[in-house]
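Observations on the model geometry
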Amino acid sequence: LVTVDADWIGPAAALRTLSASAESLDVMDPSCIINKDLPLLKHTLLVAAPWVIAAAVWALWWVVRQAVQLEVESTAVQTNAVGTVGFIFFLQICRHVVQVFLCSPNPRGPTTIIRYPAVRCWTADHTGFIVVSILALVTTVVPFLVLSVMATWRHRICVAQGQFDDTRRYRFLLARWSANRYYFGVVLLFRQLLFALAPFLADLLDMGVVPQLIFIAIILLAWSFALLRHQPWRLDSANVVELAMTLGFLAMTVIGAALIQPGERDTSLVHVLLVLIVGFLTLAQAIPILVAVQQRFHKGKRFLMFLCHHKGGGGALARWMEILIHRKVPDRVFLDSDFLEDLEKIFDIVKQDTRSVVVLLTQQTFLRMWCAGEISTAVFHEVPVVPVPTEDFTTPDESFFSSLDSVWSVSAMASLEASGITLEKIEKAYRKVMALPQFPLPQGGSVQQQEVVVAALISQAKIRTGRMAATPPRLTGSASLMPGKRAVDRVRPVAMGGEEVVVLGMRAERTQITIQRILQDMLSRRLGFEILIAYEEDHVSLVAFARVLVILLSSEILTTRTFGVLVAVAANYRHPDLVTVTTSSDFPFPAPEFFEQIASGALLCESQSSPILHDVPMPPAVGKRRPPPSPRLRGRSRGNDGLDASPEDLSPECVRRSTGQVICTDISQEQLASAYRAVFRILALPFSALASKVKMELEVAEIAQRLVSGLQKQESTPNVLVESEY
């Protein structure tokens, strides 16, 4: 467009020149220094500029490396630096090489070079320009294009073989694009080459300016379609800016055609449109730069914490930590399940938008590819890192680090290498994280213990200096965990006058306890009243007086007698409605033979697990119904089937002492089997603790609807306990 012979006037000409010269090399004009016009020297400098700039960049890098003693692979850095310069100025070099072959006829004189009007075409002076252009074509344009094609062609083969040297050398060509669109670097180079050849082909075929503009418009239109179809850039913002600029250039090309040989036509409207379009293009180039600078130096971060965790081993615990954090502060917390659309730029979020990275150390954390990338990015970009080990975490030894190269697959390492993360960086990051002060989080501990740790993490994340705390928090007082003593959740006594809803699970699986707490919290916030949880024999009093029992189905309940006993005890007192919830799609629902084996004593007999003997406090007002539920529970809703047998059929032997307590002493196998049948007769609802918050809220809404139906059903049913003599 710079060489188009059009009637550009006023602001349109100024803005067009400014926009078109943003990456131009025309500033390298020796006449500004020696005050003499030397077109051949100027042309030589223009085509040799990339080599000069690359040499300057390499020299500066070498000085910095020697000054700060950086330990990096010099060959890869040098190749990438030279390639970056060549990639940026490829269009300009091609354009300057081609321009010496474009001649303009002069009615009153000889034909001259369009770029250099003082030089006559096809004379001795012109020969020097042709020789310089051919040398630049042979030594710069063709080798660069061939090497780029070869590197792109070999990329998939090298990745499949686990060889990442080429990936590091050619990051300028491959790293800007998404993983599946790595070849767009070569596509962009050929697009630039076609742009440079457009005026040459038009002059060679003697087609004039209009066919040249049509050719350029076709290229821009094809490139716009490719951007819309493939979205090749790694960042969404880059795709948007690229598409906006391409469409702007396309509009300028089409509208600018009206300025060619305008004659007597009024072109004022065309000039106005061109001013607007070129101004838009100028802003499109400037805005991304300003945004990048603002993000680089602005201290504000979108996320207070970034929870780095292994999905399978710590996904539920990470969600629970997010809930505990939001109980104390309203700041945003990054959890990958809630930002699935941002996973491709997750490393950019770590280094730009996060105040602190909390590494939830479970058994598999250091083995997860994404965790390795997040930790390495945080460490090498000086983002504060806080290690939070759990009970099942084992400190890695030297054998782990020596075998680190065999942990991830070739494709996983290719994804990391594309982001500049190597095995050497991962190992250094892991060692640095293990040397930091740790904040142990007892996954099986009480909520009070976990809240102490979370409070310390919040304080740590708000430190803006980037330094770690000198010492982790100490669990003291009611939150401390004494050796040999189990920690239990602090649960209030059964509320006299509220709705008793209990979430029942089993304790042996720490993940299930965490999921139980998540469900309890989400249900409590949705319904507006407190919901209790029970997961061990000490919580039998909560289960006994429940009006609705929310049961989390896990494989453990099929092998634990305590579960059946708790359900049977609940049937003796409140005959509660049951709401069953599955936390896994592969839960092994039992066959009919399972219940027959329980009834016959082949499974879950008293000899296989210790009998339950618990003192259960009676309700305060024996023989009186509970108060009505809150107004939000009134209205139409569907019910569900609870324990369909009568209390007498399922009751253990329970008698009331004169002290006002009840002791339950014996439960038969048939009663146990009936309790299990009642549980699995109900259609279970799903609850995905590892899913996004939106999906979890939808599932909780369905669970809450059935829970409300159970409370309304209980309200309409008399609930009387009969006193007995001790």
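Residues numbered from 1 in each chain as written. Predicted model: local features only at pLDDT ≥ 70, side-chain atom pairs only at ≥ 80, totals over all residues. Heavy atoms only, no water.

In this section: the pairing of strand β3 (residues 303-308). Counting buried residues in β3 gives 6 out of 6 residues, a clear majority hidden from the surface. Here β3 pairs with strand β4 (residues 333-334) via 2 bridges, running parallel. Paired with methionine 305 across the strands is valine 333, a residue of β4. Running through helix α13 (residues 311-328), the crossover from β3 to the neighbouring parallel element β4 is right-handed. (Buried < 20%, exposed > 50% of the residue type's maximum accessible area, 1.4 Å probe, protein only. Helix = DSSP H or I, 4+ residues; strand = E, 2+ residues; numbered from the N terminus. Pairing = 2+ DSSP bridges. Right-handed = clockwise from strand over helix to strand, strands pointing away.)

A full pass over the atoms with the stated rule returns 26 aromatic pairs. Their ring planes at 40° and their centres at 5.2 Å tell us that tyrosine 116 and phenylalanine 129 sit as a pair that is tilted. Residue tyrosine 116 is located in the loop between β2 (109-113) and α6 (124-160), and its partner phenylalanine 129 is located in helix α6; the two are separated by 13 residues in the primary sequence. Here tyrosine 116 matches phenylalanine 129 in class, with each residue buried. With a centroid separation of 5.9 Å and 55° between ring planes, the pair formed by phenylalanine 184 and tryptophan 223 is classed as tilted. Of the two residues, phenylalanine 184 is situated in helix α9 (residues 184-204) and tryptophan 223 in helix α10 (residues 209-230); the sequence distance between them amounts to 39 residues. Owing to a relative accessible area of 4%, phenylalanine 184 belongs among the buried residues under this scheme. Residue tryptophan 223 is classed as buried on the basis of its relative accessible area, which comes to 4%. Grouped by ring-pair contacts, the aromatic residues Phe563, Phe587, Phe589, Phe594, Phe595, Tyr676 and Phe680 constitute a single cluster. If you follow arginine 431 out to its NZ or CZ, it ends over the ring of phenylalanine 401, 4.1 Å from the centre. (Phe/Tyr/Trp six-rings, centres within 6.5 Å; stacked < 30°, edge-to-face > 60°. Lys NZ or Arg CZ within 6 Å of the ring centre and 35° of its normal.)

As enumerated under the stated definition, the model contains 1 disulfide in all. Residue cysteine 103 pairs covalently with cysteine 121 via a disulfide, S to S 2.0 Å. Taking the sign of the torsion about the S-S bond as the criterion, the disulfide between cysteine 103 and cysteine 121, at about -115°, is left-handed. Of this pair, cysteine 103 sits in strand β1 (residues 103-106) while cysteine 121 sits in the loop between β2 and α6, and the two are 18 residues apart along the sequence. Grouping residues by exposure puts cysteine 103 and cysteine 121 together as buried. Not engaged in a disulfide, the cysteine cysteine 308 finds its nearest cysteine sulfur in cysteine 371; these two sulfurs lie 3.7 Å apart. (Disulfide = S-S within 2.5 Å.)

These figures capture arrangement, not role.
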